[in-house]
Each structure stands twice: as structure tokens, then as C-alpha cells.
Amino acid sequence: ARGLLQPIVDRYAGRISVADIWSLAAVVSVEVMGGPRVPWRPGRRDADPGAAVPEGRHPSAEGDSDHLRQIFGRMGCSDREIVAL
């Protein structure tokens with residue numbers, strides 16, 4: 001998804017926040033997939049990059065089930081709870 005949205009982020013940089021682009025992409029995808037029309041309005045501000053979670057604290061997109069268990073297991077999550085997330 002990042003690769004698909006990056007050209008849009010680059011094209012509209014400074015005119016719309018990245019957060020708004022992602023949220024708009026989410027509501028459009030729900031509708032395109034046959035889901036309900038979700039009301040949307042702009043105005044989100046992007047977070048300060050310095051406030052980002054340190055690398056390794058979120059699951060890697062390339063990780064397998066063992067990786068997810070390692071990340072969420074330290075929070076006490078079961079397999080069922082990990083799937084729900």
C-alpha cells in the first residue's frame with residue numbers, strides 16, 4: 001500500500017497531510033470493495049517524525065507468525081488476540 005500511495009503523497013505534499021491521504025484511501029477502499037460509504041473529511045495533521053515508535057517495537061511486514069508472537073507476546077496477547085488486532 002505504501003508503494004501505491006507514495007506517488008500521491010509526493011504529488012500533493014504540502015497541500016494535504018499524509019494522514020488524510022491514508023484515511024481517504026481507507027474509506028475509498030471500503031466502498032470499492034462493496035462496503036458502506038464512510039463519511040470522510042480532511043484535517044488530520046501528520047505526527048512529528050521524532051515521536052515515532054522506535055524501530056523493532058512494531059511488527060515487521062515481512063515477519064511470520066513467530067515474529068508476531070514475539071512482539072505481542074511481551075504484551076501478554078494470545079494468538080486469538082493477535083489475530084483480532
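Reading the values: the criteria
- Residues numbered from 1 in each chain as written.
- Predicted model: local features only at pLDDT ≥ 70, side-chain atom pairs only at ≥ 80, totals over all residues.
- Heavy atoms only, no water.
- Helix = DSSP H or I, 4+ residues; strand = E, 2+ residues; numbered from the N terminus.
- Rg over C-alpha atoms; globule rule 2.2 N^0.38 Å.
- Buried < 20%, exposed > 50% of the residue type's maximum accessible area, 1.4 Å probe, protein only.
- Contact = heavy atoms within 4.5 Å.
- Areas by Shrake-Rupley, 256 points an atom, 1.4 Å probe, with all protein chains shown as cover.
- pLDDT = per-residue confidence, 0-100.
- Salt bridge = Lys/Arg side-chain N within 4 Å of Asp/Glu carboxyl O.
- Expected span 1.5 Å × (residues − 1).

Undergrad: Explain the overall build of the chain to me, using residue names and the numbers behind them.
TA: Scanning the chain for helices and strands turns up 4 helices and 0 strands. Its helices and strands taken in sequence order, the chain reads α-α-α-α from the N to the C terminus. Over its C-alpha trace the chain gives a radius of gyration of 16 Å, far above what one expects of a compact globule, namely 12 Å for 85 residues. Taken over the C-alpha atoms alone, the chain extends approximately 40 × 35 × 20 Å along its principal axes. Within the chain, buried positions represent 13% of all 85 residues. Intrachain contacts of the chain at a sequence separation of at least 6 include 18% that bridge at least 24 residues. Of the roughly 7,200 Å² that the chain leaves accessible, carbon and sulfur atoms contribute 56%.

Undergrad: Describe in detail the confidence of the model for the chain, supporting the description with residues and values.
TA: Residues at a pLDDT of 70 or more form 100% of the chain, whose mean pLDDT is 91. Within the chain, helix H2 (residues 18-32) carries the highest mean pLDDT (96), whereas helix H3 (residues 65-73) carries the lowest (90).

Undergrad: Can you tell me about the pattern of salt bridges, naming the residues and giving the values?
TA: Scanning the entire structure with this criterion turns up 4 salt bridges. Put simply, Asp20 and Arg44 hold a salt bridge, and the shortest N to O gap is 2.7 Å. Here the residue Asp20 occupies a position in helix H2, and Arg44 occupies one in the loop between H2 and H3, the gap between them amounting to 24 residues. On the accessibility criterion, Arg44 (35% relative accessible area) is partly exposed. When the shortest N-O distance is used, the salt bridge between Arg37 and Glu31 registers 3.5 Å. We classify Arg37 as exposed; its relative accessible area is 68%. Among the ionic contacts, a cluster of salt bridges with common partners joins Asp66, Arg69 and Asp79.

Undergrad: Which residues make up H2, and what values do they have?
TA: Between its first and last C-alpha, H2 extends 21 Å over 15 residues, near the 21 Å set by a 1.5 Å rise per residue. Where the residues of H2 are buried, they touch helix H1 (2-11). Of the residues trailing H2, Gly34 is marked for its positive phi of about 95°.

Undergrad: Outline the environment of Val83, supporting the account with residue identities and numerical values.
TA: Here Val83 is to be found in helix H4 (residues 79-84). For Val83, a relative accessible area of 72% corresponds to the exposed category. Linking Val83 and Leu68, residues 15 residues apart in sequence, is a C-alpha distance of 9.6 Å.

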